[in-house]
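Here are the chains, one letter per residue:
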Amino acid sequence: MTMSRLFRYIAGTAMALLCCNAFAQEQEKPKDIPTIAAESADYLMEVLKLEDYQVFQVDSTFQYNYAMMSKELEELKKSGAMNTDRYQTVSDKWMNANDTTFKMIFTEQQWSKYLKCKFSHDKRARDKRMKARQK
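Residues numbered from 1 in each chain as written. Predicted model: local features only at pLDDT ≥ 70, side-chain atom pairs only at ≥ 80, totals over all residues. Heavy atoms only, no water.

(A) Inspection of the overall build of the chain at higher detail. Of the regular secondary structure elements, the chain holds 6 helices and 0 strands. Taken from N to C terminus, the helices and strands of the chain fall in the order α-α-α-α-α-α. Out of the 135 residues belonging to the chain, those deemed buried represent 25%. Long-range contacts, defined as pairs at least 24 residues apart, comprise 65% of the intrachain contacts of the chain with a sequence gap of at least 6. Element-wise, carbon and sulfur atoms account for 59% of the exposed surface of the chain, whose accessible area totals about 10000 Å². (Helix = DSSP H or I, 4+ residues; strand = E, 2+ residues; numbered from the N terminus. Buried < 20%, exposed > 50% of the residue type's maximum accessible area, 1.4 Å probe, protein only. Contact = heavy atoms within 4.5 Å. Areas by Shrake-Rupley, 256 points an atom, 1.4 Å probe, with all protein chains shown as cover.)

Below is the structure:
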């Protein structure tokens, strides 16, 4: 192997490793609660054609409920809880709080559309689990 080829091989390998490392670092960073809330609110703004004040209320609702859910889940984790049903119950509680608040924020038409968007599948499954727990 000539020196030129060896240099190209080493440079190419180094570039590939740098790209993979940068990609891995980008994927390792989880999104923070304000970012998740903003992205979710933006999605609903587009789908439901929300007014500015509604977007603000939706974003605030997401931020509060996601933060509280995260806090409760962290407390469960620290207590050593291993039962996934307990984690699911906490998640259901706070996601249901989103739905309850959104129903008050949205118009009837927006609520109807909300029940047909990507959040609706989660809502139906959550409602079913919550009903089963009440029995």
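(B) Inspection of the nonpolar core at higher detail. Residues Leu-44, Leu-50, Val-58, Phe-62, Phe-102, Phe-106 and Tyr-114 are the most contacted members of the largest nonpolar core, which totals 22 residues. Breaking this core down by element, the ones donating at least two residues are α2 (33-48), α3 (52-79), α4 (84-105) and α5 (108-114). Broken down by element, this core gets its largest block of residues, 6 residues, from α3. When sequence neighbours within four positions are dropped, the list of residues in contact with Leu-50 reads Leu-44, Met-45, Val-55, Val-58, Phe-106 and Gln-110. (Core = buried A, V, L, I, M, F, W, Y, C linked by side-chain atoms within 4.5 Å.)

(C) Spotlight on the environment of Asn-65. Inspection of the secondary structure assignment puts Asn-65 in helix α3. Spatially, the C-alpha atoms of Asn-65 and Ala-97 are 7.3 Å apart, while their sequence positions differ by 32 residues. A polar side-chain atom of Asn-65 sits 2.6 Å from a polar atom in the side chain of Asn-98. (Polar contact = N/O pair within 3.5 Å; in protein donor to acceptor, adjacent residues only side chain to side chain.)

(D) Just the packing of aromatic side chains, in detail. This model, assessed by the stated rule, comprises 8 aromatic pairs. Their ring planes at 25 degrees and their centres at 5.3 Å tell us that Phe-102 and Phe-106 sit as a pair that is stacked. Taken together through their ring pairs, the aromatic side chains of Phe-62, Tyr-66, Phe-102, Phe-106, Trp-111 and Tyr-114 make up a single cluster. (Phe/Tyr/Trp six-rings, centres within 6.5 Å; stacked < 30°, edge-to-face > 60°.)

(E) Summary view of helix α6 (residues 118-134). End to end, α6 covers 26 Å across 17 residues, agreeing with the expected 24 Å (1.5 Å per residue, within 8%). Buried within α6 are the following residues: Phe-119, Ser-120, Lys-123 and Arg-126. When α6 is viewed along its axis, its buried side chains cluster within an angular range of 125 degrees and face the same direction. Residues of α6 that are exposed and point over 90 degrees away from its buried face: Lys-118, His-121, Arg-124, Lys-128 and Ala-132. (Expected span 1.5 Å × (residues − 1). Arc of directions from axis to C-beta.)

(F) Spatial organisation of unusual backbone geometry. Even without being a glycine, Lys-49 presents a positive backbone phi close to 55 degrees. Relative to the assigned elements, Lys-49 resides in the loop between α2 and α3. Residue class for Lys-49 comes out exposed when judged on its relative accessible area of 57%.

(G) Local environment of α2. Across its 16 residues, α2 extends 22 Å between first and last C-alpha, which sits within 8% of the 22 Å expected from 1.5 Å per residue. Every buried residue of α2 is accounted for by Ala-37, Ser-40, Ala-41, Leu-44 and Leu-48. Seen end-on, α2 carries its buried residues on one side only, within an arc spanning 100 degrees. Residues of α2 that are buried sit in contact with α3, α4, α5 and α6.

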